[in-house]
Amino acid sequence: MDFAENGTAGIEQELDWQVPLYEEVHRHPELGLAEHQTSAAVAANLARWGFDVRHFGGTGVAGVLANGAGPCVLARADMDALPVTEATGASYASAIAGVMHACAHDMHVVALLGAAKYLAEHRDTWQGTYTVLFQPAEETAAGSQAMLDDGLAAGIPRPDVALAQHVMPTEAGTIGTTPGPVLSAGDSVRITVHGRGAHGSMPHKSVDPVVLAASIVLRLQTVVSRETAPGEFAVLTVGAVTAGATANIIPDRAELLLNLRTYSLEVRAAMIAAIERIVRGECAAAGSPQEPEFEYYDQYPLTSNDAEANARVTAAFTEAFGADAVYRTAPQTASEDFSRIPDAFGIPYVYWVVGSVPPEIYRRAVANGTVDADIPANHSPSFLPAVNPTLAVATRAQAAAALAYLAAQPG
Ligand code: ZN
Ligand code: ZN
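What you see is a predicted model, and the numbers here were worked out from it, not measured in a lab.

Draft legend 1. Broad picture of the overall build of the protein chain. Helix and strand counts for the protein chain stand at 13 helices and 16 strands. Taking 22 Å as the expected radius of gyration for a compact globule of 411 residues, we find that the protein chain reaches 24 Å, a close match to that expectation. Referenced to the eigenvectors of the C-alpha coordinate spread, the extents of the protein chain come out at roughly 80 × 45 × 40 Å. Of the accessible surface of the protein chain, which amounts to about 16,900 Å², a share of 53% is contributed by carbon and sulfur atoms.

Now the structure itself:
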């Protein structure tokens, strides 16, 4: 008897209600902190299945299912959509102009609901406490903090482990796990540098912030190439440079928007120190009349899996899906705010990725070297996970990962 038979047998029957619900949620996407309908549907279902439902951070929902003594598992899904106009042509495409579930959070929601119902209906097979958490506003990095600020840590039983997953444009039917870093820490920085404005014909009367900003952009390229060890991962992108409005006026300031990604908090701190040093140095070299300003925003924590918990969950996936379906994923350069929740409790967590592209399409693109060109990724208006088998795999993954703790033999 394999794990699928003794652990999550029959869970695919949940698809009968999951598929219509998924299409319904996909059709009605809601932006971060405005997930009112999604949140209400989640809460109503959880209450019906016997979960003790609590609300945190506005639209955030936690459902607690206490089932005797034993471990406490927290599983999380994010609920928010993106300001994207859907271009998939699906029969269940977004009915809301300019809003789309382009990051599969709708699938995360319905998969976790499927695991929740399954565990509620199979209480005789496990012991402990299963807490499901539906988080708002992952895309703006605000949602997990909003739930914590609203008393989440004191408002649910203290978990022993936390679980989360993300649907990705990799081969459907596969699951990727890894110990250690799986998603990067992300930081955005708004830098304002000051010059002295003048008529465009009289540059000698100015401190030109356009030239200053250009010099900063070039010098910042050395933070990764010259200051970060070659084996370390670091990204520094200057995504926007804004200064001036017309040809014959030298403006008095420039603004730069930077995005950073790192897998190590030490590398992150060193990058931030280097950026501030370079900007201050270039401002001094230019004779800038005022100190530069740094504003840090859209900050995402590092997501780094606990090695022991990852091994336990990976073993459960291997039993549930077979060794061929489970692979070790490389860390992704994307970022997530999930880890703030386990970090608030000081507990280990596991975050894994679920494939969503039909195997024949994915394998052809890999063979042709055209994955990036041919396969729409998360946040693309054309991103559309294959419902079959992605929803079933994501559902079983959440149940199997939870049962790796809840159904464990005592001792
Ligand atoms: Zn996203
Ligand atoms: Zn996402």
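Don't stop here, the text continues.
Draft legend 2. Layout of the coordination of the zinc ion (ligand 1). Around the zinc ion (ligand 1), the protein contributes the donor atoms Cys103 (SG), Glu139 (OE), Glu139 (OE) and His379 (NE2), at 2.0 to 2.6 Å from the metal centre. One can describe the donor arrangement at the zinc ion (ligand 1) as irregular, given that its four donor atoms subtend angles of 54 to 152° at the metal. Positions of the donor residues of the zinc ion (ligand 1), expressed as sequence spacing, correspond to C-x35-E-x239-H. The distance between the zinc ion (ligand 1) and the zinc ion (ligand 2) is 3.0 Å, with Cys103 acting as a donor to both metals. With Cys103 in the loop between β3 (72-78) and α4 (105-121) and His379 in the loop between α12 (371-374) and α13 (387-406), this residue pair connects regions lying 276 residues apart in the sequence. Residue class for Cys103 comes out buried when judged on its relative accessible area of 6%. By relative accessible area, which is 38% here, His379 ends up partly exposed.

Draft legend 3. Up close: the environment of Tyr296. Looking at the element boundaries, Tyr296 is found in strand β13 (residues 293-300). By relative accessible area, which is 25% here, Tyr296 ends up partly exposed. In sequence terms Tyr296 and Val189 are 107 residues apart; their C-alpha atoms lie 4.6 Å from each other. Residue contacts for Tyr296: discarding those within four places in its chain leaves Ser188, Val189, Ile272 and Glu276. There is a polar contact of 2.6 Å between the side chain of Tyr296 and the side chain of Glu276.

Draft legend 4. Quick peek at the sheet that holds strand β8 (residues 185-194). The strand order across the open sheet built from four strands is β10-β12-β8-β13, with neighbouring strands paired in antiparallel fashion. Only two strands of the sheet have a single partner each, and these edge strands are β10 (234-242) and β13. Neighbour to neighbour, the strand axes of the sheet diverge by 20° on average, direction disregarded. Relative to the sheet, helix α8 (residues 265-286) contacts β8, β10, β12 (253-262) and β13, its axis offset from that of β12 by approximately 160°.

Draft legend 5. Seen up close, the pattern of salt bridges. Inspection of the entire model under this criterion finds 16 salt bridges. The closest approach of N and O atoms between Glu14 and Lys117, which form a salt bridge, is 3.1 Å. Placement of the pair is Glu14 in the loop between α1 (3-6) and α2 (15-27) and Lys117 in helix α4, with a sequence separation of 103 residues. Relative accessible area serves as the criterion here: at 5%, Glu14 is assigned to the buried category. Across the pair Arg363 and Glu171 runs a salt bridge, and its minimum N-O distance is 2.7 Å. Here Arg363, found in helix α11 (residues 359-368), pairs with Glu171, found in strand β5 (residues 161-171); they are 192 residues apart in sequence, far enough to count as distant. Salt bridges here are not isolated pairs; linked through shared partners, they connect Arg76, Asp78, Glu336 and Asp337.

Draft legend 6. Highlighting the domain arrangement of the protein chain. Segmenting the protein chain into domains produces domain 1 (3-182 + 302-406) and domain 2 (185-300). Distance between the C-alpha centres of domain 1 and domain 2: 37 Å. In this complex, domain 1 contributes 14 residues to the contact, which on the side of domain 2 involves 11 residues. Of the roughly 950 Å² buried where domain 1 meets domain 2, counting both sides, 57% is carbon and sulfur surface. When the area that domain 1 buries against domain 2 is broken down by residue, the three leading residues are Leu302, Thr333 and Ser335, summing to 54%.

Draft legend 7. The packing of helix α9 (residues 307-321) against α13, seen in detail. Close contact between α9 and α13 brings their axes to 9 Å; oriented N to C, the two are set at 125°. Compared by their axis directions, α9 and α13 come out oblique. The element α9 and its partner α13 pack so that their crossing is right-handed. Contacts from Glu308, Ala309, Arg312, Val313, Ala316, Phe317, Ala320 and Phe321 in α9 reach Val393, Arg396, Ala397, Ala400, Ala401, Ala404 and Tyr405 in α13. Of the residues that constitute the contact of α9 with α13, the class distribution is 12 nonpolar, no polar and three charged.

Reading the values: the criteria
Residues numbered from 1 in each chain as written. Chains lettered and ligands numbered in written order. Predicted model: local features only at pLDDT ≥ 70, side-chain atom pairs only at ≥ 80, totals over all residues. Heavy atoms only, no water. Helix = DSSP H or I, 4+ residues; strand = E, 2+ residues; numbered from the N terminus. Rg over C-alpha atoms; globule rule 2.2 N^0.38 Å. Areas by Shrake-Rupley, 256 points an atom, 1.4 Å probe, with all protein chains shown as cover. Donors = N, O, S within 2.8 Å, 3.2 Å for Na, K, Ca; no water. Tetrahedral: all angles 85-135°; square planar, octahedral: opposite > 155°, others 65-115°. Buried < 20%, exposed > 50% of the residue type's maximum accessible area, 1.4 Å probe, protein only. Contact = heavy atoms within 4.5 Å. Polar contact = N/O pair within 3.5 Å; in protein donor to acceptor, adjacent residues only side chain to side chain. Pairing = 2+ DSSP bridges. Axes fitted to C-alpha atoms, helices over the stretch in contact; angles between N-to-C directions. Salt bridge = Lys/Arg side-chain N within 4 Å of Asp/Glu carboxyl O. Domains from an automatic or database assignment. Buried area = accessible area lost by both parts, 1.4 Å probe. Parallel < 35°, antiparallel > 145°, perpendicular 65-115°, else oblique. Left-handed = near helix turned anticlockwise from the far one by under 90°. Nonpolar A, V, L, I, M, F, W, Y, C, P; charged D, E, K, R; others polar.

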